[in-house]
Amino acid sequence: MRLRVTMPAKGWIVLVEDHLPGGFEALNEHLATSSYDGAREGTARSSWRTLGYDRKDVRDERVDFFVTHLPAGQKVFTYRVCALRAGVFQALPAE
């Protein structure tokens, strides 16, 4: 999943929430129970400077990114999702 955020001005202590559509589940790369091994691609142990955020929380219905400093302009956040059901889905816009 790619989430593009446009900041009109720099921001401090920013929370970006991306709501998942029904039928999808975000994969938590830090858990050994998922079929995705984040360490294999080098993302699980990367620092926040590389990833562009301080912390990522994977919830049932959304993924939250916590950022201390978000400069003006566009920023892309990425995470992996798994489709659990077949169909056509819509998601709420990110906040």
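Everything below is about the structure printed above this text.
Residues numbered from 1 in each chain as written. Predicted model: local features only at pLDDT ≥ 70, side-chain atom pairs only at ≥ 80, totals over all residues. Heavy atoms only, no water.

*Asks:* Residues and numbers for the pairing of strand E1 (residues 2-7), please.
*Replies:* Here E1 shows a buried face lined by Leu-3, Val-5 and Met-7 and an unburied face lined by Arg-2, Arg-4 and Thr-6. Sheet topology places E1 next to strand E6 (residues 73-78); 6 bridges connect them, and they run antiparallel. Across the sheet, the residue bridging to Arg-2 is Thr-78, located in E6. (Buried < 20%, exposed > 50% of the residue type's maximum accessible area, 1.4 Å probe, protein only. Helix = DSSP H or I, 4+ residues; strand = E, 2+ residues; numbered from the N terminus. Pairing = 2+ DSSP bridges.)

*Asks:* Residue-level account of the environment of Phe-89, with values.
*Replies:* Along the chain, Phe-89 turns up in the segment after strand E7 (81-83). Each C-alpha atom, one on Phe-89 and one on Gly-23, is 7.5 Å from the other, the two residues being 66 residues apart in sequence. In this structure, Phe-89 is in contact with Pro-21, Gly-22, Gly-23 and Phe-24, ignoring residues within four places of it in sequence. (Contact = heavy atoms within 4.5 Å.)

*Asks:* If you had to explain the packing of aromatic side chains to someone new, which residues and values would you point to?
*Replies:* Taken as a whole and assessed by the stated rule, the structure comprises 4 aromatic pairs. Judged by centre distance (6.4 Å) and plane angle (45°), the ring pair of Tyr-53 and Phe-77 falls under tilted. Of the two residues, Tyr-53 sits in the loop between helix H1 (48-51) and strand E4 (55-58) while Phe-77 sits in strand E6, which places them 24 residues apart along the sequence. Owing to a relative accessible area of 1%, Phe-77 belongs among the buried residues under this scheme. Taken together through their ring pairs, the aromatic side chains of Tyr-53, Phe-65, Phe-77 and Tyr-79 make up a single cluster. Its guanidinium or amino end placed over the ring of Phe-77, Lys-75 lies 5.9 Å from that ring's centre, counting from NZ or CZ. (Phe/Tyr/Trp six-rings, centres within 6.5 Å; stacked < 30°, edge-to-face > 60°. Lys NZ or Arg CZ within 6 Å of the ring centre and 35° of its normal.)

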